[in-house]
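# Structural overview for review
Listed here are the chains, written in short residue letters.
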Amino acid sequence: MSQYDYYSGGGGGGYVAGSPLGGANSPGGFGRKSETSHALRPMTIHQLLNAHQAHADADWMLEDSVVGQVTLVAHIASVQVQATNSQYVLDDGSGRIEARRWIDSSVEDDSEKRGIVEGAYVRVLGSLKMFGNKKYVNTTQIRPVQSPAEIYYHVLDAMTVTLIWERGPPPRPGQNPQDAGPKSSSAASPYSAQPIQGAGSDQYAHLPQLHRAIVAFMQREPPSEAGVHVGAIARAVGGDAVSISDALDRLSDEGLAFSTIDDSHYQLAA
């Protein structure tokens, strides 16, 4: 079963490719803004309630990461069916949030027949919204969980993705685990004045400090066909998701770097 079918139940709803879960069906961590804003991230209700916006039209953020499309698994505490939408109060043990599913009047609502009733456990796909200072999930897909194991899997999935965003991806085969984790505050910062080694370093002299820090870090990484993960770059140089994404976009536009196996892995151009 594909990752898309697993989350949506094969019925559509939710964009998975290029998500923080990775373009190769594995956790990927720090995606570019253009990808992250449409990415599908497993989350708990507690995390959704802690998400914030800089202003009404801004992306939702959790810590320094953009929250795009979300999926959660929860118990339906109550159901309220109205003429235009159904409202579900969801509880996953970490908090409660309302999910709203808009009703298409031209299609018969078979939610009850499919087991989407009070007391059931469901998987929900959608996006976080705010109305009247109250957060809710604008639902694009809702289905009953397929087995009790899916409930526990979702918790582990959310934990895994969160740790990758916080600490970077796990080490690659043969890589020192200390090199894959966050850098110590006592270590030399990539922002400090450091020569960029290698031939043709003058080509980077015109770049802003953040861009040069990214290049310096990528040059220090062991050679790999997959390139360097954006999560590792973010952990090494610091900065927020948007700044890192914009810097990588500029490096790509200038032909100094390129994406490899997906939009979360980059290599420097030779």
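So, a few notes on the structure that sits alongside this text. Here the structure is a predicted model, which means the values were calculated and not measured.

## With respect to the packing of helix H6 (residues 209-220) against helix H7 (residues 230-237)
It is at 10 Å that the axes of H6 and H7 come closest, and there the two elements cross at 115°. Helix-helix and strand crossings are classified by hand; for H6 and H7 the assignment is right-handed. Contacts between H6 and H7 involve Leu210, Ala213, Ile214, Phe217 and Met218 on the former and, on the latter, Ala232, Ile233, Ala236 and Val237. When the residues that make up the contact of H6 with H7 are grouped by side-chain class, the tally is nine nonpolar, no polar and no charged.

## Overview of the packing of aromatic side chains
Taken as a whole and assessed by the stated rule, the structure comprises zero aromatic pairs. Stacked on the ring of Tyr136, the Lys or Arg Arg100 has its end atom at 4.2 Å from the ring centre.

## Focus on the sheet that holds strand E10 (residues 257-259)
The three strands lie next to each other as E9-E11-E10, forming an open sheet whose pairing is antiparallel. In this open sheet, the two edge strands, each paired with only one partner strand, are strand E9 (228-229) and E10. Here E10 pairs with strand E11 (residues 265-268) via three bridges, running antiparallel. Across the sheet, the residue bridging to Ala257 is Leu268, located in E11.

## Points about the environment of Gly93
Looking at where Gly93 falls in the secondary structure, it is placed in the loop between strand E5 (85-91) and strand E6 (96-102). In this structure Gly93 comes out as exposed when scored by relative accessible area, which is 71%. Residues Gly93 and Thr44 lie 49 residues apart in sequence; the distance between their C-alpha atoms is 8.9 Å.

## So, helix H8 (residues 241-253)
Here H8 is 13 residues long and its end C-alpha atoms lie 18 Å apart, about the 18 Å a rise of 1.5 Å per residue gives. Among the residues of H8, those classed as buried are Ala241, Ile244, Ser245, Ala247, Leu248 and Leu251. The buried residues of H8 all sit within an arc of 165° when viewed along its axis, so they share a single face. Positive phi shows up at Gly255, right after H8, with a value of about 75°.

Basis of the calculations
Residues numbered from 1 in each chain as written. Predicted model: local features only at pLDDT ≥ 70, side-chain atom pairs only at ≥ 80, totals over all residues. Heavy atoms only, no water. Axes fitted to C-alpha atoms, helices over the stretch in contact; angles between N-to-C directions. Helix = DSSP H or I, 4+ residues; strand = E, 2+ residues; numbered from the N terminus. Left-handed = near helix turned anticlockwise from the far one by under 90°. Contact = heavy atoms within 4.5 Å. Nonpolar A, V, L, I, M, F, W, Y, C, P; charged D, E, K, R; others polar. Phe/Tyr/Trp six-rings, centres within 6.5 Å; stacked < 30°, edge-to-face > 60°. Lys NZ or Arg CZ within 6 Å of the ring centre and 35° of its normal. Pairing = 2+ DSSP bridges. Buried < 20%, exposed > 50% of the residue type's maximum accessible area, 1.4 Å probe, protein only. Expected span 1.5 Å × (residues − 1). Arc of directions from axis to C-beta.

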